[in-house]
Amino acid sequence: MGLELFLLAQATISIQTDYQFISTLSSINFIEIKLVLNFFLLKSRNKIHRKSVVTMADEADIYDGVRSQFPLSFGKQSKSQSPLELIHNATRRTTSSAAASTTVGSADDKPSASEGANSLPPVSSSSKDWADAFRKPNPKNSKRNENGDKLLMGPPRPPAGLDKGDRIMIGPPRPPPPAGGADDEEEEDEPVVGPPRPPIGGDVEDGDDDDEPVIGPPRPPPSNIESDSEEDMDEEDEDFGYRIPVSNEIVLKGPTKVVSALAVDHSGSRVLSGSYDYTVRMYDFGGMNARLQSFRQLEPSEGHQVRALSWSPTSDRFLCVTGSAQAKIYDRDGLTLGEFVKGDMYIRDLKNTKGHITGLTYGEWHPRAKETILTSSEDGSLRIWDVNDFKSQKQVIKPKLSRHGRVPVTTCTWDCDGKRIAGGIGDGSIQIWNVKAGWGSRPDIHVGNGHTDDITALKFSSDGLILLSRSLDGSLKVWDLRQMKEVLHVFDDLPNNYPQTNISFSPDEQLFLTGTSVEKNSKTGGLLCFFDRVKMELISKVGISPTFSVVQCTWHPKLNQIFATVGDRHEGGTHILYDPTISEKGALACVARAPRKQSVDDFQANPVIHNPHALPLFRDQPTRKRQREKILKDPIKSHKPELPMTGPGFGGRVGSTKGSLLTQYLMKQGGLIKETWMDEDPREAILKYADMAAKDPKYIAPAYADTQPETVFADSDSDEEKK
């Protein structure tokens, strides 16, 4: 007994001594207190046994054994993390851009002349109400409050932030409590309005259940709660219109020029962006933090702009189309798998070439077959390729032309099933081919006057009923595939300055969207325009950038996020629009992930390199290279020979004296010196020495005097010689 008391006293002393260690603990329950006492008992017992003959393990070993009974987080302070609300508030769009994102009206709406150069479209009062409805949480996601309790539906709708213990109010709001000094008898005669509220149909303390009036409408039965909530959501959906995720925004920066190509894989985990700076950047939402940096950068073809990017149906490979004649295939991590062959440019018939002979304009992977792709080129052909054979194409399609010569194919696309191909031709025509057995280059549908300028994009709807076309003429046209002779609807006043401007559908295909370019004298920046497919009207304009043009755009169905690429000649980027209440993963995952702090392992020493040859002792003598280069540039010191004289004049001198001195010129003009050689016939000048050579030969003639035949000269046919 005495030994136990002694040990307990020693443990108490140790606890008091090590109070600083215990004070670091945030919360200690009974089990943890017991473990701590056991630890200090062992510590005190170790001190006693150390004095005795009995040997014991070291104190460190005992500490390690006791510490193993504690959780790893025991005694450590958890790192403070920023709540998601603060993170999403940091990415929320500004007031000016949010105002621009809610402009709703017809396609004929135009900005007023009083707006500033960087201002975006104005907002009406009805548009503001409609925009406020967008910022409300999704009714489908707000059936429960913060604690997970179901909200009872009834007029008015209870607030979403009620505590678990609070009772939900039904009916008009509770009046304020009466002032002090009121009579108790008057209070008993009035309805009971103060807390606690008596339950409906329950017992009242005063016992007057039948006489007590009920404030507000009756509580709805539990069986009707779900149906009422569905009806309310349907009404709200009708009032609010469309839920477009534009409340928050992040920007993937990096390119130094406009981003002209965009591709998001089907799962929504990786994003590809191609730019006019000849590079392709790869982003991974799973490994990207709040710095929003790409994990890989490629340069597919040196000196050629990136014009199109497309993922395979399985998202394990992607197609890269540049301004060169050869498309490339990469795997998911950016490693090159192959490059298609280039055709012979000296062969006139395009069907006899193995590939494209000039720059590509667009390319797209087959939506179902993972081995087939489609490309279009400036050489005036479309080609279907097999990714397993990079040496030749499967089929060549030559469009029908309205004029002779080679007309470029500016864009191409598959339908959702891969059974039809559409191509936009440089003469403004739209041609559609049905992929079937024995099909050829003759188009099944030909629209000769589709647009007045180059077509930049074509897009089929998933139901195969409509076709959208975008052009450099600033228009977007909707075509009915069952009746292609006349356009279904035309949307004008959509500036387009880039041949890669595309069109995209919403996930339910009730809306379609496209971007606009910044004009030189325009006061409106780059916009994303949303159109209603049923009503055929412009419903919203979202301001993306006041100075950059919007080129590519897409609305991802799984992430419910909108991607838009912008830029100009000096800078580019990819904007991602999302709404935390209705969007999933994607930008939400990387924004909330803080950058990793640098640790000791990240330290990199900058060693000082001492070069012994940099010392004066080992230094080489100063070279005379610059001095020699300077001497070579001096024509006098380098003894450079004079270049032959060229240009007007005679002998390097400009004038009519033909290189003579002034005295010679005057004597020639006066007749004192006569030069007849310029006026003589060369034949006559030679023949005048013929008699002298025959009478007195000097050199060659004597050697052949006996064998030389008699010289016979041809008679002159000129009239002057006969005279």
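Values in this document were obtained by computation on a predicted structure and should not be read as measured data. (Residues numbered from 1 in each chain as written. Predicted model: local features only at pLDDT ≥ 70, side-chain atom pairs only at ≥ 80, totals over all residues. Heavy atoms only, no water.)

Some words on the sheet that holds strand β7 (residues 317-322)
Which entries qualify depends on this criterion: For two strands to be treated as a pair, DSSP must find at least two bridges joining them. Strands are runs of DSSP state E lasting at least 2 residues, helices are runs of H or I lasting at least 4, and numbering of each runs from the N terminus. What counts as an axis is a line fitted to C-alpha atoms, over the stretch in contact for a helix, and the angles between N-to-C directions run from 0 to 180 degrees.
Reading across the sheet, the four strands line up as β6-β7-β8-β9 and stay open at both edges, with antiparallel pairing between neighbours. Of all the strands in the sheet, the pair left with one neighbour each is β6 (306-311) and β9 (336-339). Along the sheet, successive strands turn relative to each other by an average axial angle of 20°, direction set aside. Relative to β9, strand β8 (residues 328-331) runs antiparallel, the two being bridged by three bridges. Across the sheet, Tyr330 pairs through a bridge with Thr336, a residue of β9.

Let's talk about the packing of aromatic side chains
Aromatic ring pairs are reported here in terms of the distance separating the ring centres and the angle at which the planes meet. Basically, it comes down to this: Whether two aromatic rings pair depends on their centres lying within 6.5 Å, for rings of Phe, Tyr and Trp, where Trp uses its six-membered ring; planes under 30 degrees apart make the pair stacked, over 60 edge-to-face, and the rest tilted. Per-residue accessibility, obtained with a 1.4 Å probe over protein chains only, is compared with the maximum for each type, and a residue is labelled buried under 20%, exposed over 50%, and partly exposed between these values.
In the structure shown here, the tally under the stated rule is eleven aromatic pairs. Their ring planes at 45° and their centres at 4.7 Å tell us that Phe340 and Trp385 sit as a pair that is tilted. Placement of Phe340 in the loop between β9 and β10 (360-365) and of Trp385 in strand β12 (residues 382-386) is noted, with a sequence separation of 45 residues between them. As far as burial versus exposure is concerned, Phe340 and Trp385 are alike and both buried. For the ring pair Phe512 and Phe531, a centre distance of 5.4 Å and an interplane angle of 20° mean the geometry is stacked. With a gap of 19 residues between them, Phe512 in strand β23 (residues 511-515) and Phe531 in strand β24 (residues 526-532) connect regions that are remote in the sequence. Relative accessible area serves as the criterion here: at 0%, Phe512 is assigned to the buried category. Here Phe531 falls in the buried class, since its relative accessible area comes to 1%.

Quick notes on the nonpolar core
Note the cut-off: Joining through side-chain atoms within 4.5 Å is the link that ties buried Ala, Val, Leu, Ile, Met, Phe, Trp, Tyr and Cys residues into a set, and such a set is a nonpolar core. Whether two residues touch is decided by their heavy atoms; if any such pair falls within 4.5 Å, the residues are in contact.
In this structure, Ile250, Val271, Phe285, Met288, Phe563, Ile576 and Cys590 are the most contacted members of the largest nonpolar core, which totals 18 residues. Of all the elements in the fold, those that place two or more residues in this core are β1 (248-253), β2 (259-264), β28 (572-578) and α10 (587-591). At four residues, α10 tops the list of elements feeding residues into this core. Ignoring any residue separated from it by four or fewer positions in sequence, one finds Val271 in contact with Leu262, Ala263, Val264, Arg281, Met282, Tyr283, Phe285 and Phe563. The next biggest cluster of nonpolar side chains, apart from the first, holds 17 residues, and it includes Ile244, Leu511, Val542 and Ile544.

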